[in-house]
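# A look at the structure
This is what each chain is made of:
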Amino acid sequence: QVQLDESGGGLVQAGGSLSLSCKVSGRTFSSNAMGWFRQAPGKEREFVAAISWSGYSTYYTNSVKGRFTISRDNAKNTVYLQMNSLKPEDTAVYYCNADIKIRYSGYVPGNHYWGQGTQVTVSS
């Protein structure tokens, strides 16, 4: 079975940093992008960041540009999200997805390629 193993979440103070990892087991990387979505209490799940198979193209939601950096290591089937200058509004469960389609209308995650989520909490 395909499994996405997320790690790195935790509790940090505003201005701090966290690094998330997502390793895919049971399959090779999709030819589509891989990346992260997040869901805060009372809000819809939203796109955060994605990276192409080659690693040369990256995509970020406006609220994290300049603070978050996504990268991947295909040899390890792993994608990373370095989060700096964290803000309380970054508090959410972060979900990895290994099959993100980049479309003009938005970023579309594959339904069968979700991780279980890792909690990121940023205190004020």
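Our subject is the structure that appears above.
Residues numbered from 1 in each chain as written. Predicted model: local features only at pLDDT ≥ 70, side-chain atom pairs only at ≥ 80, totals over all residues. Heavy atoms only, no water.

## Let's talk about the overall build of the chain
Helix and strand counts for the chain stand at zero helices and eleven strands. Ordering the α and β elements of the chain from the N terminus gives β-β-β-β-β-β-β-β-β-β-β. A compact globule built from 124 residues should have a C-alpha radius of gyration of about 14 Å, and the chain, at 13 Å, falls within 12% of that. Structurally, the chain occupies a C-alpha span of about 40 × 30 × 25 Å along its principal axes. (Helix = DSSP H or I, 4+ residues; strand = E, 2+ residues; numbered from the N terminus. Rg over C-alpha atoms; globule rule 2.2 N^0.38 Å.)

## Focus: the state of the cysteines
Evaluated as defined, the whole model comprises one disulfide. A sulfur-sulfur separation of 2.1 Å characterises the disulfide bridge that pairs cysteine 22 with cysteine 96. In this structure, the disulfide formed by cysteine 22 and cysteine 96 twists by about -90 degrees around the S-S bond and is classed as left-handed. One end of the pair, cysteine 22, is in strand β3 (residues 18-25); the other, cysteine 96, is in strand β9 (residues 92-103), and 74 residues separate them in sequence. In this pair, the class of cysteine 22 matches that of cysteine 96, namely buried. (Disulfide = S-S within 2.5 Å. Buried < 20%, exposed > 50% of the residue type's maximum accessible area, 1.4 Å probe, protein only.)

## Description of the pairing of strand β11 (residues 118-123)
Burial along β11 is one-sided: the face carrying Thr118, Val120 and Val122 is buried and the face carrying Gln119, Thr121 and Ser123 is not. Examined bridge by bridge, strand β2 (residues 10-13) and β11 share four bridges and lie parallel to one another. Paired with glycine 10 across the strands is valine 120, a residue of β11. The sheet contact formed by β9 and β11 spans three bridges and is antiparallel. From the neighbouring strand, alanine 92 faces β11, where its bridge partner is valine 120. (Pairing = 2+ DSSP bridges.)

## Quick word on the sheet that holds strand β1 (residues 3-7)
The strand order across the open sheet built from four strands is β1-β3-β8-β7, with neighbouring strands paired in antiparallel fashion. Two strands close off the open sheet at either side, each with one partner strand: β1 and β7 (68-73). Ignoring which end each strand starts from, the neighbouring axes of this sheet average 15 degrees apart. Here β1 pairs with β3 via five bridges, running antiparallel. Following the sheet pairing, leucine 4 is matched in β3 by valine 24. (Axes fitted to C-alpha atoms, helices over the stretch in contact; angles between N-to-C directions.)

## Let's talk about the nonpolar core
The tendency in soluble globular proteins is for nonpolar side chains to be buried side by side. Membership of the largest hydrophobic core comes to 26 residues, with the highest contact counts inside it found for Trp36, Phe68, Leu81, Met83 and Tyr94. At the level of secondary structure, the elements contributing two or more residues to this core comprise β3, β4 (33-39), β5 (46-51), β7, β8 (78-83), β9 and β11. (Core = buried A, V, L, I, M, F, W, Y, C linked by side-chain atoms within 4.5 Å.)

## Concerning the pairing of β8
As defined by bridge partners, β3 adjoins β8 across six bridges and the pair is classed as antiparallel. When the sheet's bridge partners are listed, leucine 20 is paired in β8 with leucine 81. In terms of strand pairing, β7 meets β8 through six bridges, oriented antiparallel. Directly across from arginine 72, in β8, lies its bridge partner valine 79. The hairpin formed by β7 and β8 contains four residues between the paired strands, and asparagine 77 there has a positive phi angle of roughly 50 degrees.

All we've got here are geometric facts, nothing functional implied.
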